[in-house]
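Results of the structural survey
What follows is each chain in one-letter form.
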Number of protein chains: 2
Amino acid sequence: MLPNFSNLEIILGSTSPRRSQILSDAGFKFQIKSKNIEEEYPNSLFKEEIPLFLANLKAQPLIEYLQDELLITADTIVWLNNEVIGKPKDKIDAYHILTKLSGKTHEVITGVFLYKNGKSSNFFDVTEVTFRNLEEEEIKRYIDQFQPMDKAGAYGIQDWIGLTTVTKINGCYYNVMGLPMPKLYQQLSNISLT
Amino acid sequence: MLPNFSNLEIILGSTSPRRSQILSDAGFKFQIKSKNIEEEYPNSLFKEEIPLFLANLKAQPLIEYLQDELLITADTIVWLNNEVIGKPKDKIDAYHILTKLSGKTHEVITGVFLYKNGKSSNFFDVTEVTFRNLEEEEIKRYIDQFQPMDKAGAYGIQDWIGLTTVTKINGCYYNVMGLPMPKLYQQLSNISLT
């Protein structure tokens, strides 16, 4: 049986235009609500624990405003050499990040947190992304002409840099954009059927 | 040194809106020219030989109109169980194709043909695409509500079905959309530097 999503009132707790676009392209209607938080996490957390923790953290200030809507929050990190790479602090940081990613395969991990009527669940997805060697001039041009500052790893896979220098991904493409939609769709199907 | 593409006059020999979008998002300016041809190929061809042959075939009627522009043509096939899966003939065929792809990993192969001043070259790219099990109703709804008829394998990875049921790809995402842009970018860089 196909899930009936029209029963499901969804609140997306994210201002990322890419997450909105994915959820909308997947056919869902939703409202956007978001509160700025400090994206801090305990040093003891490792790899997928980090975006799972931050997705949960982003949900907390929104929960009190919920009635019986489903709240979805998410956080995306880049993981390379056992280190987390978040959003760049400034253009110089963006330059250093992209220099690190050049010619290598890194992992993009998105943690998703779901909350409805006092019950919550979460999941994550991992995608490997391979950049060819980036030239210094390419990195500088990208940082100057595009908007890498609000993006984990200082790049958008749907941007010029993704189109011309990401030679391979292994996993879900939409996960790299910030929302692992096929996995989320399965979760939403289960919720709408219960 | 960064390639200087402003010297390169490009003609895209394809009416696919997805190929135009990719080339445009990658920062290229180009004109579109296309002539309808019968997309037929010898039975002796196998796998990547097929889209390479068809990309070449699509270029032939356009070559006589060229001055010193670069012509780019491409063809995309879906490959499953040693068989080519092309565009669906009708809605029933689209249904059978998607039923075949359901729950399996197939390969998407795009052949690209480049021609400039009497010289030509070509290349191809392969991406593995994995669908979760599709329900009969999902396939029917997709065929009714979207436009699978002009697409190899009867689906668009950027459509609802790609967003919600393609759990994994291995390779280049843009190759699945019809143009392996990172590889093409490298080729264009070489051409613009010579």
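The coordinates are above.
Residues numbered from 1 in each chain as written. Chains lettered and ligands numbered in written order. Predicted model: local features only at pLDDT ≥ 70, side-chain atom pairs only at ≥ 80, totals over all residues.

We now examine the overall build of chain A. When helices and strands are counted, chain A shows 7 helices and 7 strands. When its helices and strands are written in sequence order, chain A yields β-α-β-α-β-β-α-β-β-α-α-β-α-α. The C-alpha atoms of chain A give a radius of gyration of 17 Å, which matches the 16 Å a tight globule of 194 residues would have. Looking at the 194 residues of chain A, the share that counts as buried comes to 40%. Pairs at least 24 residues apart make up 68% of the contacts formed inside chain A by residues separated by at least 6 positions. (Helix = DSSP H or I, 4+ residues; strand = E, 2+ residues; numbered from the N terminus. Rg over C-alpha atoms; globule rule 2.2 N^0.38 Å. Buried ≥ 20, exposed ≤ 12 C-beta atoms within 10 Å, placed from the backbone. Contact = placed C-beta atoms within 7 Å.)

The sheet contact formed by strand 6 (residues 119-131) of chain A and strand 7 (residues 166-171) of chain A spans 4 bridges and is antiparallel. In the strand pairing of strand 7 of chain A, Glu128(A) is matched with Asn170(A). Alignment of strand 7 of chain A against strand 7 (residues 166-171) of chain B, held across 3 bridges, turns out to be antiparallel. Bridge pairing in strand 7 of chain B places Asn170(A) opposite Asn170(B). (Pairing = 2+ DSSP bridges.)

The subject of this paragraph is the environment of Pro3(A). One can find Pro3(A) in the segment before strand 1 (10-12). With 188 residues separating them along the chain, Pro3(A) and Ile191(A) place their C-alpha atoms 8.9 Å apart.

A few words on the interface of chain B and chain A. Contacts between chain B and chain A engage 25 residues on the former and 25 residues on the latter. Put simply, the parts of the chain that give the side of chain B that touches chain A at least two residues each are helix 1 (17-25), helix 4 (136-145), helix 5 (160-165), strand 7, helix 6 (173-177) and helix 7 (181-193) of chain B. The element that contributes the greatest number of residues to the side of chain B that touches chain A is strand 7 of chain B, accounting for 6 residues. Of the residues in the side of chain B that touches chain A, the class split is 13 nonpolar, 6 polar and 6 charged. (Nonpolar A, V, L, I, M, F, W, Y, C, P; charged D, E, K, R; others polar.)

Looking now at helix 1 of chain B. Those residues of helix 1 of chain B that sit buried are Arg19(B), Ile22(B) and Leu23(B). Down the axis of helix 1 of chain B, the buried side of the element spans an arc of 95°, and every buried residue falls inside it. (Arc of directions from axis to C-beta.)

Moving on to helix 2 (residues 49-63) of chain B. All names here are of chain B. Helix length check: helix 2 (15 residues) gives 21 Å between terminal C-alpha atoms against 21 Å at 1.5 Å per residue, within 8%. Taken together, the buried positions of helix 2 are Ile-50, Pro-51, Leu-52, Leu-54, Ala-55, Lys-58 and Ala-59. On its buried face, helix 2 sits against strand 3 (70-80), strand 4 (83-85), strand 5 (105-116) and strand 6 (119-131). (Expected span 1.5 Å × (residues − 1).)

As a further point, take the environment of Gly13(B). All names here are of chain B. Note that Gly-13 resides in the loop between strand 1 (10-12) and helix 1. Judged by local crowding, Gly-13 falls into the buried class, with 24 C-beta atoms found within 10 Å. Distance in space between the C-alpha atoms of Gly-13 and Ile-143 is 27 Å, their sequence separation being 130 residues. Not counting residues up to four positions away in its chain, the partners in contact with Gly-13 are Lys-33, Ser-34, Lys-58, Ala-59, Leu-62, Leu-71, Ile-72 and Thr-73.

Least-squares fitting of chain B to chain A yields an RMSD of 0.0 Å, with the transformation described by 0.0 Å of translation along the axis and a rotation of 180°. Such a combination of rotation and displacement between the chain copies is what one expects of a two-fold axis. Residue Asn170(B), judged by its C-alpha, is the member of chain B lying nearest the rotation axis, at 2.2 Å. Both copies share a contact surface, since 100% of the interface residues of chain B are interface residues in chain A too. (Least-squares fit on C-alpha atoms with pLDDT ≥ 70 in both.)

These figures come from the coordinates and say nothing about function on their own.
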